[in-house]
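Overview (structure and organization)
Okay, here's what each chain looks like letter by letter:
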Amino acid sequence: MSRRRFAAAALAALATTAQGSAAPRRTPDTGTAGGPGRGGAAGGEMRGMWVATVTNRDWPSRPGLSADRQRAELLAHLDAAVRARLNTVMLQVRPTADALWPSPHEPWSQYLTGTQGADPGWDPLGTAVAEAHARGLHLHAWFNPYRVALHADPARLAASHNPGWVVPYGGKLYYDPGLPEVRAFVREAMLDAVRRYPVDGVHFDDYFYPYPVAGQTFDDDAAYDRYGAAFPDRAAWRRDNVDRLVHETADAIRTIRPGTRFGISPFGVWRNADVDPRGSATRAGVQSYDDLHADTRKWARENWIDYICPQLYWCVGFAAADYAKLLPWWADVVRGSGTRLYAGEALYKAGDPAQPAAWQDPAELSRHLTLAKTYPEVRGHVFFAAREVTEDPVGAMARVVADHYGRPAGPPS
């Protein structure tokens, strides 16, 4: 179904009058594992890795490879996960309003063939799910809801795109989260994969409203004029738009494929304490609540999602955002909520000469896991990203395995 036809159907079905709160708090059922809103006492340690497909970051190594070569590279990453005694893979299957499966809603990803919409000749997501399960791995389908393109030229988009939904900003294109028909469309486009494949999880990362670009304004004036009257300001309206996407996606996953987990990996700082006393002892230049309009703390505390995996991509002792201060802050956020906490780890920084001195020590990440063991709320770690897990250029992943992953562990249930 094209975006234009979908918009007509969605608008007919949606009540678009703005309301104050996107969703009520759920009471977690701590006796049942799995499914949005049903966190709690499930066992198992998360040992995950992200596989990024945007810009061919991790996989495929470049666009235009044969189907056999793409498949071989994917299986090599899965095998590397097994060797590192990981148990979960977050595979990016919708990087830029496109698809790594035969979607009826969106074009094939350009990162497969080099041309958006060109059939790669195989089903990457279907293969990934089957091959991950054959290796005892869980597969979480990783989606980016609103990013459309890493360029700013609407004329380069596939013909099925609806240009009226797209906002240029910072040299890129984004869907406008303030349009109810956009929210309905991106939700359905993502859930198509959940209907088709026995994925173990649905995963969002940190891209909601775009990261701020100095001197530029995200032009959602028309949507705000139409839908924002009930809110005290534009920021509150934007947060409600994101809240609605998160809550509606959680509800739909529970209906379509019960037991499939829904998790989000936000930017690691919700708010700095000098802005909000509930915030962390940080001085981050970006705050997800204020800049990305993502109230990540609320989603975790009110158990809207099964797990939260904040990107704690800083070393111990980093002044503006100290890993050793953020980890206990997040542990306090999830305490008693039923939402499981996994720490997102910056494996890609290990050994990078552009990073602070702590990252030159291959043992830095191992120290993160040692610290995390002192907080029972931390139920595991996810490493960015697959290329570094596979190549392990300075041995940081090998050190983690030697110090903490002495035995294989089944995926979290």
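One can find the structure itself at the top, above this paragraph.
Residues numbered from 1 in each chain as written. Predicted model: local features only at pLDDT ≥ 70, side-chain atom pairs only at ≥ 80, totals over all residues. Heavy atoms only, no water.

1. Some words on the overall build of the protein
What counts, and what does not: For the purposes of this entry, the term helix denotes a DSSP run of H or I that reaches at least four residues, the term strand denotes a run of E that reaches at least two, and both are numbered from the N terminus. Per-residue accessibility, obtained with a 1.4 Å probe over protein chains only, is compared with the maximum for each type, and a residue is labelled buried under 20%, exposed over 50%, and partly exposed between these values. Contacts between residues were defined by any pair of non-hydrogen atoms, one from each residue, lying within 4.5 Å. For the area figures, the Shrake-Rupley method with a 1.4 Å probe applies, and any residue is considered shielded solely by the protein chains shown.
Of regular secondary structure, the protein possesses 13 helices and 11 strands. Per-residue burial over the protein gives 59% buried out of 413 residues. By sequence separation, contacts in the protein at least 24 residues apart represent 74% of the contacts at least 6 residues apart. Entry remark: accessible area of the protein is about 15100 Å², with carbon and sulfur atoms responsible for 50%.

2. Details of helix H10 (residues 323-334)
We apply this condition: A helix is expected to span 1.5 Å for every residue after the first. Throughout this description, a polar contact denotes any pair of N or O atoms lying within 3.5 Å of each other; where both atoms belong to protein, one of them has to be capable of donating a hydrogen while the other can accept it, and for residues adjacent in sequence the pair is counted only when both atoms sit in side chains.
Taking 1.5 Å per residue as the helical rise, H10 with its 12 residues ought to reach 16 Å, and the 17 Å between its terminal C-alpha atoms agrees with that figure. Elements in contact with the buried residues of H10: helix H9 (296-301), strand E9 (307-308), strand E10 (340-345), helix H11 (364-372) and strand E11 (378-383). Its side-chain oxygen placed 2.9 Å from the backbone nitrogen of Ala-324, Asp-322 serves as the N-cap of H10. Two residues or fewer past H10, Gly-336 is found with a positive phi of approximately 80°.

3. Some remarks on the packing of helix H2 (residues 67-83) against helix H4 (residues 124-134)
The following threshold applies: Fitted lines through C-alpha atoms give the axes, limited to the stretch in contact for helices. The angle between two N-to-C directions lies from 0 to 180 degrees. In this scheme the crossing of two helices becomes right-handed for a clockwise turn of the near helix relative to the far one and left-handed for an anticlockwise turn of less than a right angle. Throughout, the ten residues Ala, Val, Leu, Ile, Met, Phe, Trp, Tyr, Cys and Pro are labelled nonpolar, Asp, Glu, Lys and Arg are labelled charged, and all others, Gly among them, are labelled polar.
Direction vectors running N to C along H2 and H4 enclose 35°, while the axes themselves pass 11 Å from each other. Note that H2 runs across H4; the crossing there is right-handed. Facing H2, whose interface residues are Arg-71, Leu-74, Leu-75 and Leu-78, H4 presents Pro-124, Thr-127, Ala-128, Glu-131 and Ala-132. For the contact of H2 with H4, the class distribution of residues is 6 nonpolar, 1 polar and 2 charged.

4. A few points about the pattern of salt bridges
Working definition: two side chains of opposite charge can pair if their charged atoms are close together. In plain terms, the rule: Whenever a carboxyl oxygen of Asp or Glu lies within 4 Å of a side-chain nitrogen of Lys or Arg, that contact is scored as a salt bridge.
Here the structure, examined in full by the defined rule, presents 27 salt bridges. Of the charged contacts, one joins Arg-57 and Glu-388 as a salt bridge, the two residues approaching to 2.8 Å between their closest N and O atoms. In this pair, Arg-57 sits in the loop between strand E1 (46-51) and H2 while Glu-388 sits in helix H12 (residues 386-391), placing the two residues 331 residues apart along the sequence. We note that Arg-57, like Glu-388, is buried. For Arg-135, the salt bridge goes to Glu-131, with nearest N and O atoms at 2.7 Å. Judged by relative accessible area, which is 18%, Glu-131 ranks as buried. A cluster of three or more residues bridged by salt bridges with shared partners is formed by Arg-57, Asp-58, Arg-387 and Glu-388.

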